[in-house]
Amino acid sequence: MLTPLQAREWDLPKAAHLLNRAGFGGTPDEIKAFCELGLNRAVQLVLDGPDDSTQFPKPAWAQPRNMLEMRQEMMLMAPDDRKAVQQDIQKQYRQDDLDLINWWLGRMRYSDNPYREKMTLFWHGHFATSVQKVHDTFLMWQQNETLRQHAFGNFGLMLKAISRDPAMLIWLDTRESRKDHPNENFAREVMELFTLGIGNYTEEDVQQGARAFTGYRIDPRDESFRYAPFQHDDGEKQFLGQSGPFSGDNVLDIILQQPACAKYIVKKLWEFYAYEDPNPALVNALAWNFRMTNYEIRPLMSAILRSGEFYSQDAVRTQIKSPVQWVVQTGKVLETGMARPMVTLNALRELGQVPFAPPNVKGWDGGRSWITTSTLLYRYNMANFAVGNGPLHIDTPRPGLANVNNPGHGQPLDVLNYEGPNFEKIIPPQVRSDPKRLIAYLCFRLFQDPLTPRDTQPFIQYASDHGPNPGDDALRELLHLMMSTPQYQLT
Amino acid sequence: MSDSDHIIEPHTSTLHTRREFLRTSMLGAAVSLSLPVFLQKTFFTLDAMAADSAVQTATGKDGPILIVLQLAGGNDGMNTVIPYADDAYYQARPVIGIAKDSVIKLNDYAGLNPKLAGLKGLYDEGNLSVLQGVGYPNPNRSHFRSTEIWQTASDADITVPYGWLGRYFDSCCQGADPTVGVAIGNQVPQSFASATPTGVSFSRPEQYRWLNGDKSGASEQIYREMNEPEMDMRTLDENDGGSIGSLAGPSAAPGGHRESTLEFLQRTALDAQVSSDKVLAIARKFPASVSYPRTALADSLNLVGRMIAGGLATRVYYVSQGGYDTHTNQVATHTRLMGELNDALVAFAQDMKKQGNFGRVMLMTFSEFGRRVTQNASNGTDHGAAAPMFIMGGGVKAGLFGQYPSLTALNAGDLAYNVDFRSVYATILDRWLRAPSREVLGRQFPLLNLV
């Protein structure tokens, strides 16, 4: 079982660790303020952060459309007009998709409650759904809101909401599933990836489960979930050792009774927030409580974030930043504005994590899979751009998301209206004259860790060679150097 | 023999191995002993071609090359190699079946998708073999698990940590030169996973380098120091891997040294730095010799062609084409994919012939599974089992291998395999790459008469 962290053990490095993992990090001042809350109030803030919905109002495109009416209108058009209208719709979609990504990245970056956004990012990777198949910005946004609403709530309720979520109905073909031809896609993935994990069900369970999810439809008049009883198979099913005329919700309830479900979710959460390959005894203990408390997420997260294990050497600075974490946290620590959406989209694509476009239903593998020779060099070059050293050579294949996981060709994009950090603001004058003090300050800002003398020595050398009081150009390159390191990839 | 017996455990950290390689190769010796670090870039650039002498002693300058092409998502084998003479095919696929008269016949039973005319040309000239009914016992229908089985060449009921190509690298190349395995794109496939990690990835050579804002070179020097940890001779000893490992990360996994996350990052940074110099130099000197179509797959093969022309010391290239998971309205999607596959392979074959390297290359396609015999309610197909593979190259024995699986005597609703994919791997390892397949695959699989 977990050992709770004692309040007196709480200090600046631990506060920085919690802010990095439960949110997207912060500036030195933000870390200090977070530390001053103390352990209990800091964790409380993570679990019950302020509501940011007035800060982020519903975007204009976040409205359902009457597909039936649109289709009927199109039918009446001359073929050429219809084609033109279809092209306009596609173009608008691509623009809206880009807005959607930027909207969420902005929320992660600027929200008063970044903790809920981080949790939502976890659930998005868990119930991984891609706009590349769904092709509907509103539905993707709506799913994101559903995940946000349940982020710290009840896993069972979230699972049931997701089973009816129109984007999911498209993504895993549930809307195609009929009584006489059940589609197995959702039934398989709900067990393999959303709840139990492979090995905890049989092919027979997949086929029987698929029958229970027949009759789920999307109403073309307002894109809402609709249940079509005549397409539902209400016959007797044998599922995970039980039998009855199960509905989809019954099947999910049976899944939630399985001990494997709580273990699967707990392990995934632990790996996302703390570290990989946790001790099975730790997972089992948390999973038992999770199942016994009816899958309430908030108490589970409270136990994780208050545990000594979460703040141990196995956890602190052992995680590779995800591309989204890298981009959002870099904006926060350098206190820059956001780059143009196309620049960020391209970077995230190159780095392997475009929100709303996971590579497949398994989501992102994370961990070491983020890093290859090409993505590591790209991170270093993204740092060059972030500090304001000049444009990133990027490819803009086709606008929008059409080929986010399959990049094509393009030309360099003009990125001149990005300014980089304000050095007056992020590096106080009093630390600039002493290279050691300057590097110590920057290490806290960038790494929240002093690093080893061996690691910092080249930076101190560079600062000395350009000092005393290095100018903006030298500081810019110094920041770039410090970010062009294995250490900057860790959090 | 248990499955773990053949896994080669590293004796020292890979970071150490890699530094050792740099030090002992002509290139690396010059770098670490005599040249100021800021001159390295120039040196690397000038020397990239001559680097053959150092690097290719390990791999053989004229050695065979394998290109693995993954058709990701589960290619519908029955609409790729079509059993056009079987009524059961048209009964099972009334909407998505390919009309008999448009099939490109290979024999009186099976033929190719109409989009694969270029492959038929290669088949006729003796440079393509078509393997029918390839799969494995107890097939798994999960994309992820079945991909893992193909990538690691494991039995379906166990998982193994390393990939089949990674074990080949361990067995033959000792993890010395990271460019022995190259994946085009931003991901390294699971098949490259090895005890002494090897393999680099890139997609655009001109961007595969470190940019900076300091024209004096001082910044570049520090960057190289930071990302080539402990390159100087005084600190090169057996223990430095351990001292790095102690800085961070969970303790080593039971049963051997596991790189810490920081060590993993440091090693990747070193691999990136060394390979980027070579790749960029080759890319600048060797444009494509033929014109390729403008698709992602053709781009990838074009890049492979340029690297082969430039003599990058690579034994295995890995490329992929996605989009094969055709659950709904599959005909349009699958037809497009077949066309892109055909056109890219034809261009690559022409490129290799023009370079005079066609006899040195073998390209193998695979997909994690085929699809169900019967179309589904959405005019698509669900996950299935056995499927065909293509092997292309100047050195292959052309022809149609294996039996087309029966469309009526099914295994749990799917085609039953008659060639184990590991027999294909074994043949490629033993007869093409000249590596001991028994050691790499853990047991001896029957060889096929492909090479």
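As the structure is a prediction and not an experimental result, all values here were calculated from the model. (Residues numbered from 1 in each chain as written. Chains lettered and ligands numbered in written order. Predicted model: local features only at pLDDT ≥ 70, side-chain atom pairs only at ≥ 80, totals over all residues.)

Undergrad: Even after reading the chapter, I still don't get the overall build of chain A, so can you show me in this structure?
TA: Summing up its helical and strand segments, chain A has 23 helices and four strands in all. A compact globule built from 491 residues should have a C-alpha radius of gyration of about 23 Å, and chain A, at 24 Å, falls within 12% of that. Taking the principal axes of its C-alpha atoms as reference, chain A extends roughly 80 × 65 × 40 Å. Counting only contacts in chain A whose residues sit at least 6 apart along the sequence, the fraction spanning at least 24 positions is 72%. (Helix = DSSP H or I, 4+ residues; strand = E, 2+ residues; numbered from the N terminus. Rg over C-alpha atoms; globule rule 2.2 N^0.38 Å. Contact = placed C-beta atoms within 7 Å.)

Undergrad: For this particular structure, what's the right way to read the overall build of chain B?
TA: A tally of helices and strands in chain B yields 15 helices and 12 strands. Within chain B, the fraction of its 451 residues that count as buried is 57%. Long-range pairs, those at least 24 residues apart, make up 72% of the contacts in chain B between residues at least 6 apart in sequence. (Buried ≥ 20, exposed ≤ 12 C-beta atoms within 10 Å, placed from the backbone.)

Undergrad: For this particular structure, what's the right way to read the nonpolar core?
TA: As a rule of thumb, nonpolar side chains are buried together in soluble globular proteins. A:Val266, B:Leu66, B:Ile67 and B:Met364 are the most contacted members of the largest nonpolar core, which has 249 residues in total. Among the elements that line this core, the one with the most residues is helix H11 (residues 261–285) of chain B, at 11 residues. Formed jointly, this core draws a minimum of three residues from each of two domains, domain 1 (7–47 + 258–311) and domain 2 (423–489) of chain A. Dropping the residues within four chain positions of it, B:Ile67 is found in contact with B:Val304, B:Tyr317, B:Val319, B:Val361 and B:Leu363. (Core = buried A, V, L, I, M, F, W, Y, C linked by C-beta atoms within 7 Å. Domains from an automatic or database assignment.)

Undergrad: It is not clear to me how the confidence of the model for chain B should be interpreted in this structure. Could you clarify?
TA: If pLDDT is low for a region, its predicted coordinates should not be looked at in detail. Residues and elements named next belong to chain B. Residues of chain B with pLDDT of at least 70 account for 79%, and the chain-wide mean is 82. Below pLDDT 50 for its whole length, residues 1–11 participates in 17 contacts with residues either more than four positions away or in separate chains. With pTM at 0.84, the complex prediction returns an ipTM value of 0.91. (pLDDT = per-residue confidence, 0-100.)

Undergrad: Would you mind going over the environment of A:Met74 with me for this structure?
TA: All names here are of chain A. Tracing the backbone through its elements, the reader meets Met74 in helix H4 (residues 67–76). On the basis of neighbour counts, which here come to 14 C-beta atoms within 10 Å, the residue Met74 falls in the partly exposed class. In this view, Met74 contacts Arg82 and Val85; residues no more than four positions away in its chain are not counted.

Undergrad: What's the story with the sheet that holds strand S4 (residues 111–112) of chain B in this structure? I'm lost.
TA: The strands making up a sheet associate through backbone hydrogen bonding, with each pair oriented either parallel or antiparallel. Residue and element names in this part refer to chain B. Spatially, the three strands line up as an open sheet ordered S2-S4-S3, and their pairing is antiparallel. Across the chains shown, the open sheet's two edge strands, defined by having one partner strand only, are strand S2 (81–82) and strand S3 (104–105). Alignment of S2 against S4, held across two bridges, turns out to be antiparallel. Across the sheet, Val81 pairs through a bridge with Leu112, a residue of S4. (Pairing = 2+ DSSP bridges.)

Undergrad: What is the right way to read the pairing of strand S10 (residues 387–393) of chain B from this model?
TA: Looking along a regular strand, one sees the side chains alternate between the two faces of the sheet. All names here are of chain B. Burial of S10 is extensive: seven of the seven residues sit out of reach of the surface. Two elements, strand S5 (residues 128–135) and S10, share five bridges in a ladder whose sense is antiparallel. Bridged to Val134 within S10 is Ala387. By the bridge criterion, three bridges tie strand S9 (residues 361–366) to S10 in an arrangement that is antiparallel. The partner of Met362 across the bridge, within S10, is Gly393.

Undergrad: Looking at this structure, how should I read the environment of B:Leu270?
TA: In this fold, B:Leu270 is placed in helix H11. A sequence separation of 42 residues divides B:Leu270 from B:Glu228, and the C-alpha atoms of the two residues are 5.4 Å apart.

Undergrad: Sorry, what's going on with the packing of helix H21 (residues 435–447) of chain A against helix H22 (residues 453–465) of chain A here?
TA: Angle between the axes and distance between the axes: these two values describe a pair of packed helices. Residues and elements named next belong to chain A. In contact at an axis separation of 9 Å, H21 and H22 are set at 125° when each is read in the N-to-C sense. Taken as axis vectors, H21 and H22 run oblique relative to one another. The interaxial crossing formed by H21 with H22 has right-handed handedness. Two secondary-structure elements touch here, H21 through Pro435, Lys436, Leu438, Ile439 and Cys443 and H22 through Thr456, Phe459, Ile460, Ala463 and Ser464. Here the contact of H21 with H22 is composed, by residue class, of seven nonpolar, two polar and one charged. (Axes fitted to C-alpha atoms, helices over the stretch in contact; angles between N-to-C directions. Parallel < 35°, antiparallel > 145°, perpendicular 65-115°, else oblique. Left-handed = near helix turned anticlockwise from the far one by under 90°. Nonpolar A, V, L, I, M, F, W, Y, C, P; charged D, E, K, R; others polar.)

Undergrad: Even after reading the chapter, I still don't get the packing of H22(A) against helix H23 (residues 472–483) of chain A, so can you show me in this structure?
TA: Residues and elements named next belong to chain A. Where H22 meets H23, the axes come as close as 11 Å, and the angle between the chain directions of the two elements is 170°. The orientation of H22 with respect to H23, classified from their angle, is roughly antiparallel. For the pair H22 and H23, the contacting residues are Phe459, Tyr462 and Ala463 in the first and Leu478, Leu481 and Met482 in the second. For the contact of H22 with H23, the residue count by class is six nonpolar, no polar and no charged.

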